[in-house]
Amino acid sequence: MANNLDKKSCKPYDSIHSDVKEYYGKRLQSSSDLKTNACVPSAKPIPAYVRKALAGVHPDVTSRYYGCGLVVPESMEACRVLDLGCGSGRDCYMLSQLVGETGHITGIDMTEDQLAVARKYIDYHMEMFGYKKPNVDFVQGYIEALQEAGLQEGFYDIVISNCVVNLSPDKTKVLKEAYRVLKDGGELYFSDVYSSSRLPEDVMSHKVLWGECLGGALWWEDLIQLAHNVGFSTPRLVTASVITVENPELEKLLDGYKFVSATYRLFRVPKPSSEEKCLVIYDGGITGSEETLEFDAQHTFKVDEVMEVSAELANILRSSRFASEFTFQPPGAPRSPCCAKPQAVSSNPFELVEQLGSATLSPNTGGCCGAQESCCK
């Protein structure tokens, strides 16, 4: 299965890496040079604390940002974070503020020109943030070869990536390396471009389409299989946005294939020992999510409200950095019929986009509790 998932081009990997380096190091000098709109804004409103962090990033860094989503997982204080394909460092400097001075952000990228911009502004940002010593560093290397770049096993709490995995000729190696460097309970939280089906060779071998994050896009169902093959939990879809190419020449080449930008979260946790559903209560202790925690497209936890979750999600919450943020009902405890339920949304990002656009999502508080008082507490 892995060979099918990674058969993205007849070109040698070194050739693809060289093409991408040239595209992002030489051809693109700012986001205005892109030939499609694959770098779409986040589908979700940006929280105020994230907008504040983004405002603290130097304009020269932001101008060379080519991401396709918002990679800001919750509960990041004091975490060690690795950014795969960090580019000019926008997300690294944004997250530097969210992990705080006791946390650390490492960015890795293969493109020298992008890293030169990122490194140029380390002192600027540390002074602006009021840090005595840098909590950010940048490493040159390939996201398929983190060990060769000196990144140690089981070191990071979170791995992020923003519209970069599609540029890799070997997605299996990318996910395997991310899994290797994560601690037990760690998370891979990333935005990327996905296709509506597997792409033909003429699309995958087109330099501009690959550089524009379309030619190397995975079919979204292949991501699910790939994650399971590597050992991750089932990818949890957070949000999705439609990508419209709006370039007649490239649209003709794509001939009906559709694309979305989607954000997923994958966890390095053991398989659950039981298939029994669990009741959980969010305690409201996460900065920026004091009232509600939008964990994924299906689950929005309200503070002090009981919600029924699957065995897999309960296991993720128990085994990750979120363990201290929830109260778990003991196995075998009596269940109330009025607890909150997950939203009835699709795990298919293309269907999720349609559901979000038509505003037909089912409420996730489908019980008997009133707005002012919850019988589930």
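For the structure itself, consult the block above.
Residues numbered from 1 in each chain as written. Predicted model: local features only at pLDDT ≥ 70, side-chain atom pairs only at ≥ 80, totals over all residues. Heavy atoms only, no water.

### Re the packing of aromatic side chains
In this structure the tally under the stated criterion is 13 aromatic pairs. Judged by centre distance (6.2 Å) and plane angle (85°), the ring pair of Tyr-121 and Tyr-124 falls under edge-to-face. One residue, Arg-90, lies across the ring of Tyr-65, its end atom 3.6 Å from the ring centre. Over the aromatic face of Phe-295 sits the side chain of Arg-265, whose NZ or CZ is 4.3 Å from the ring centroid. (Phe/Tyr/Trp six-rings, centres within 6.5 Å; stacked < 30°, edge-to-face > 60°. Lys NZ or Arg CZ within 6 Å of the ring centre and 35° of its normal.)

### Overview of the state of the cysteines
Two cysteines form a disulfide when their sulfur atoms are joined by a covalent bond. For the coordinates displayed, the defined rule picks out 0 disulfides. With no disulfide of its own, Cys-92 lies 4.8 Å from the sulfur of Cys-86, the closest cysteine sulfur. (Disulfide = S-S within 2.5 Å.)

### Concerning the sheet that holds strand 13 (residues 326-328)
Pairing between sheet strands relies on hydrogen bonds along the backbone, with the strands arranged either parallel or antiparallel. Spatially, 12-9-13 is the arrangement adopted by the 3 strands of the open sheet, whose pairing is antiparallel. Edge positions in the sheet fall to strand 12 (306-309) and strand 13, since each of these pairs with one other strand and no more. Mean inter-strand twist for the sheet, computed between neighbouring axes without regard to direction, equals 35°. Direction of pairing for strand 9 (residues 278-282) relative to strand 13: antiparallel, over a ladder of 3 bridges. From the neighbouring strand, Ile-281 faces strand 13, where its bridge partner is Thr-327. This element, helix 13 (residues 311-319), spans strand 9, strand 12 and strand 13 of the sheet and lies at about 125° to strand 13. (Pairing = 2+ DSSP bridges. Helix = DSSP H or I, 4+ residues; strand = E, 2+ residues; numbered from the N terminus. Axes fitted to C-alpha atoms, helices over the stretch in contact; angles between N-to-C directions. Contact = heavy atoms within 4.5 Å.)

### Quick word on the side chain of Lys-171
Assignment of secondary structure puts Lys-171 in helix 8 (residues 171-181). Under the relative-accessibility criterion, Lys-171 is labelled buried at 1%. Side-chain polar atoms of Lys-171 contact the backbone oxygen of Asn-166, separated by 3.1 Å. (Buried < 20%, exposed > 50% of the residue type's maximum accessible area, 1.4 Å probe, protein only. Polar contact = N/O pair within 3.5 Å; in protein donor to acceptor, adjacent residues only side chain to side chain.)

### Observations concerning helix 8
With 8 of 11 residues buried, helix 8 lies mostly within the body of the structure. Within the sequence span of helix 8, burial applies to Lys-171, Thr-172, Val-174, Leu-175, Glu-177, Ala-178, Arg-180 and Val-181. One side-chain oxygen at the N-terminal end of helix 8 lies 3.3 Å from the backbone nitrogen of Thr-172; it belongs to Asp-170.

### With respect to the pairing of strand 7 (residues 236-243)
With 7 of 8 residues buried, strand 7 lies mostly within the body of the structure. Note that strand 7 and strand 8 (residues 259-267) share 7 bridges and pair antiparallel. What sits directly across from Thr-239, in strand 8, is Thr-263.

### A short note on the side chain of Glu-74
Considering the arrangement of structural elements, one finds Glu-74 in the loop between helix 4 (59-62) and strand 1 (80-84). Here Arg-265 takes part through its side chain, which lies 3.0 Å from a polar atom of the side chain of Glu-74. Once residues within four sequence positions are removed from consideration, Glu-74 is found in contact with Arg-265, Ile-286, Ser-289, Leu-293, Glu-294, Arg-321 and Phe-322.

### A few points about unusual backbone geometry
Positive phi outside glycine occurs at Ala-78, with the angle close to 65°. In this structure, Ala-78 sits in the loop between helix 4 and strand 1. Positive phi is not limited to glycine here, since Cys-213 has a value of about 75°. You can call Cys-213 buried: its relative accessible area is 1%.

### Comments concerning the nonpolar core
Generally speaking, a soluble globular protein has its nonpolar side chains buried in company with each other. Ranked by internal contacts, the top residues of the largest apolar core, which has 37 residues, are Leu-82, Leu-84, Leu-175, Leu-188, Tyr-194, Phe-232 and Tyr-264. Ranked by residues supplied to this core, first place goes to helix 11 (residues 220-230) with 5 residues. For Phe-232, the residues in contact, after removing those within four places along its chain, are Leu-175, Ala-178, Tyr-179, Leu-182, Leu-188, Ala-227, Leu-266, Phe-267 and Arg-268. Judged by nonpolar contacts, the second largest core, of 33 residues, contains Met-94, Ala-118, Phe-129 and Ile-160. (Core = buried A, V, L, I, M, F, W, Y, C linked by side-chain atoms within 4.5 Å.)

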